[in-house]
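Listed below are the residues making up each chain.
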Amino acid sequence: MDAVTRTAVAMGSGRRDPLVGAAAYDLSRDDLGALLAGEPRYRVRQVWDGLYARVRRPEEMTDLPLALRQHLGAVLRPALRGATRRSADGGETVKWAWSLADGREVETVLMAYPDRVTACVSTQAGCAMGCGFCATGQAGFGRHLTMGEIVEQVVMAMREARPRRLSNVVFMGMGEPLANYDRTWAAVERIHGELGISARRLTLSTVGIVPGIRRLAAASLPVNLAVSLHAANDELRDRLVPINRRYPLATLAGACADYVAASGRRLSIEWALIDGTNDRPSDMVELAAFARPLGAHVNLIPLNPTPGYAVLGSSRRRVLEARAELERLGVNATVRATRGAEIDAACGQLAARVSGPPFVHPRGVR
Ligand code: SAH
Ligand code: SF4
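Residues numbered from 1 in each chain as written. Chains lettered and ligands numbered in written order. Predicted model: local features only at pLDDT ≥ 70, side-chain atom pairs only at ≥ 80, totals over all residues. Heavy atoms only, no water.

Participant: I keep staring at helix α7 (residues 181-193) and nothing clicks. Help me out?
Facilitator: The periodicity of an α-helix, 3.6 residues per turn, causes residues three or four positions apart to be oriented the same way. Spanning 13 residues, α7 covers 18 Å between terminal C-alpha atoms, matching the ideal 18 Å at 1.5 Å per step. Residues of α7 that are buried include every one of Tyr 181, Thr 184, Trp 185, Ala 187, Val 188, Arg 190 and Ile 191, and no others. Of the surrounding secondary structure, the elements contacted by the buried residues of α7 are α3 (42-51), α6 (147-161), β7 (168-171), β8 (202-206) and α8 (210-217). (Helix = DSSP H or I, 4+ residues; strand = E, 2+ residues; numbered from the N terminus. Expected span 1.5 Å × (residues − 1). Buried < 20%, exposed > 50% of the residue type's maximum accessible area, 1.4 Å probe, protein only. Contact = heavy atoms within 4.5 Å.)

Participant: Which parts of the structure should I look at to understand the confidence of the model for the protein?
Facilitator: Residues shown with low pLDDT carry predicted positions that ought not to be read at fine detail. Mean pLDDT over the protein works out to 90, with 90% of the residues at or above the 70 mark. Every residue in residues 10-15 is under pLDDT 50, and counting partners more than four places away or in other chains gives two contacts. (pLDDT = per-residue confidence, 0-100.)

Participant: What's the story with the packing of aromatic side chains in this structure? I'm lost.
Facilitator: Each aromatic ring pair is described using two quantities: the centre-to-centre distance and the angle formed by the ring planes. Taken as a whole, this structure holds five aromatic pairs when the rule is applied. Their ring planes at 15° and their centres at 5.4 Å tell us that Trp 96 and Trp 98 sit as a pair that is stacked. Under the relative-accessibility criterion, Trp 98 is labelled buried at 3%. Geometrically, the ring pair formed by Phe 133 and Tyr 309 is edge-to-face, given 6.3 Å between the ring centres and 75° between the ring planes. Linking Phe 133 in the loop between β5 (124-126) and α5 (135-139) with Tyr 309 in the loop between β11 (297-302) and α12 (316-328), this pair joins segments that are 176 residues apart in sequence. For the pair shown, Phe 133 and Tyr 309 are each scored as buried. (Phe/Tyr/Trp six-rings, centres within 6.5 Å; stacked < 30°, edge-to-face > 60°.)

Participant: Sorry, what's going on with the site of ligand 1 here?
Facilitator: For ligand 1, the set of nearby residues contains 20 residues, the closest of which are Phe 133, Ser 205, Ser 228, His 230 and Asn 304. Here an oxygen atom of ligand 1 and a side-chain polar atom of Ser 205 are 2.7 Å apart. Between a nitrogen atom of ligand 1 and a main-chain N or O atom of Asn 304, the distance comes to 2.8 Å. Contact with the protein chains removes 95% of the 520 Å² of surface that ligand 1 exposes when unbound. Of all the secondary-structure elements, those providing two or more residues to the shell around ligand 1 are β8 and β10 (267-273). When its residues are assigned to classes, the shell around ligand 1 shows nine nonpolar, nine polar and two charged. (Near = heavy atom within 4 Å. Polar contact = N/O pair within 3.5 Å; in protein donor to acceptor, adjacent residues only side chain to side chain. Areas by Shrake-Rupley, 256 points an atom, 1.4 Å probe, with all protein chains shown as cover. Nonpolar A, V, L, I, M, F, W, Y, C, P; charged D, E, K, R; others polar.)

Participant: Which parts of the structure should I look at to understand the nonpolar core?
Facilitator: One finds Leu 166, Ile 191 and Leu 229 to be the most contacted residues of the largest nonpolar core, which totals 115 residues. The greatest single-element share of this core, amounting to nine residues, is contributed by α6. Once residues lying within four places of it in the same chain are set aside, the contact partners of Ile 191 are Val 151, Val 154, Val 169, Phe 171, Gly 196, Ile 197 and Leu 202. (Core = buried A, V, L, I, M, F, W, Y, C linked by side-chain atoms within 4.5 Å.)

Participant: Sorry, what's going on with the packing of α6 against α7 here?
Facilitator: Two numbers describe a pair of packed helices, the interaxial angle and the distance between the axes. Two elements in contact, α6 and α7, have axes separated by 8 Å at closest approach and are oriented at 40°. The angle between α6 and α7 falls in the class oblique. Considering the relative orientation of α6 and α7, their crossing is right-handed. Each of Met 147, Ile 150, Val 151 and Val 154 in α6 lies in contact with α7, whose residues at this interface are Arg 183, Thr 184, Ala 186, Ala 187, Arg 190 and Ile 191. Of the residues that constitute the contact of α6 with α7, the class distribution is seven nonpolar, one polar and two charged. (Axes fitted to C-alpha atoms, helices over the stretch in contact; angles between N-to-C directions. Parallel < 35°, antiparallel > 145°, perpendicular 65-115°, else oblique. Left-handed = near helix turned anticlockwise from the far one by under 90°.)

Participant: Before we go on, may I ask you to explain the domain arrangement of the protein in this structure?
Facilitator: Quite often, the size of an interface is put as the accessible area lost when its parts meet. Under the domain assignment, the protein is made up of domain 1 (3-77) and domain 2 (81-355). The centre of domain 1, based on its C-alpha atoms, is set 35 Å off from the matching centre of domain 2. At the junction of the two partners, domain 1 supplies 13 residues and domain 2 supplies 16 residues. In total, domain 1 and domain 2 occlude about 1,200 Å² of area from one another, counting both sides; carbon and sulfur atoms represent 50% of this. A per-residue breakdown of the area domain 1 buries against domain 2 is headed by Tyr 25, Tyr 52 and Val 55, which together make up 51% of the total. Where domain 1 touches domain 2, the interface holds one salt bridge. Note that Glu 60 and Arg 159 form a salt bridge whose closest N and O atoms lie 2.9 Å from each other. Between the two partners, domain 1 and domain 2, sit nine residue pairs in polar contact (both at pLDDT 80 or more). Tallied by class, the residues present in the side of domain 1 that touches domain 2 amount to six nonpolar, one polar and six charged. (Domains from an automatic or database assignment. Buried area = accessible area lost by both parts, 1.4 Å probe. Salt bridge = Lys/Arg side-chain N within 4 Å of Asp/Glu carboxyl O.)

Participant: Where do I start with the pairing of β8 in this structure?
Facilitator: In terms of burial, β8 is a largely internal element, five of the five residues being buried. Along β8, one buried face is formed by Leu 202, Leu 204 and Thr 206 and the opposite face, lined by Thr 203 and Ser 205, is buried too. Both β7 and β8 contribute to a ladder of three bridges, which runs parallel. Each bridged residue has a counterpart across the sheet, and for Phe 171 the counterpart in β8 is Leu 204. In this structure, β8 lies alongside strand β9 (residues 224-228), joined through four bridges in parallel fashion. (Pairing = 2+ DSSP bridges.)

Below, the structure is given as structure tokens:
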């Protein structure tokens, strides 16, 4: 029995085939093989290449017979549906708010630069970490994203980037990647292995989940790690980044040091400069004392405005002074250019609807 007939029989008999209606990028190659049972063996490679090497939807796989193409289009659903798409910076920045199958929303940002094209992807709908200055944190936690939901964001960014090639992926969208470690790591492996983006061009950003940093140190692929520090004394960090109460600075520094020693990779530290809060010369002295022994590179980001946080980002002048102070203290620092602020696509501004209405899947409608 070929795949088309098999599915018709399964549906007609009321039996539920778990692979029918699955999100395409959540399937393993074996799952795809099962879905294509009865078809010639080479179809599995053809469809897999269509999904990954060519980033095509099933309906676009014109090397397949029409009936099979239509069948796959009906049974393999996209995880990311009806998007709101907005662009800024003369089209160089694009942000999507995607609806997921359960009605929740997540956002993805694509940024084109002269020397690279970067996708910023979400790993959770919302975030449980509660950093007050971050719109995602203000929204609270929805749920973890599946591997396929993460991978498909990269696929959509690749399609949009054409004719340029997507070169970098940063896991800096909504959510805390190391709080969703297994699915995020499975997505990393697939983005590297099947979508062909080198591990050195993948960056995971963490608020400082120590067990996750330790797992990452032992992981097989040399991805980059960025730690969102924002304060280098516990009293201030407890307030800005509540998870610091669980993993205080000394513990975090220990995990970072072990990570650098075990992986031989450079660490980056993210620091959102908040006016009068963590941008004083004394804050730069504390930051330098944390960063220097780790040989870490510091990324300074002027805090972007979010609805739930009244304090402002530092002035441009203060940002440049802070950078100079760090350099004088022997720490490499760069200022991250803000992209997409007018479409709420900049760091910390992603806050799509996290807890959607209960989703009732309309039978047969995708
Ligand atoms: N949860 C992870 C990754 C997502 S947040 C983390 O916290 O690292 C991505 C980056 O945006 C982090 O460095 C975070 O601290 C930063 N960020 C959050 N809110 C921001 C804001 N309002 N302005 C600038 N950066 C912000
Ligand atoms: Fe979560 Fe990162 Fe936002 Fe903190 S900054 S609430 S960890 S997404």
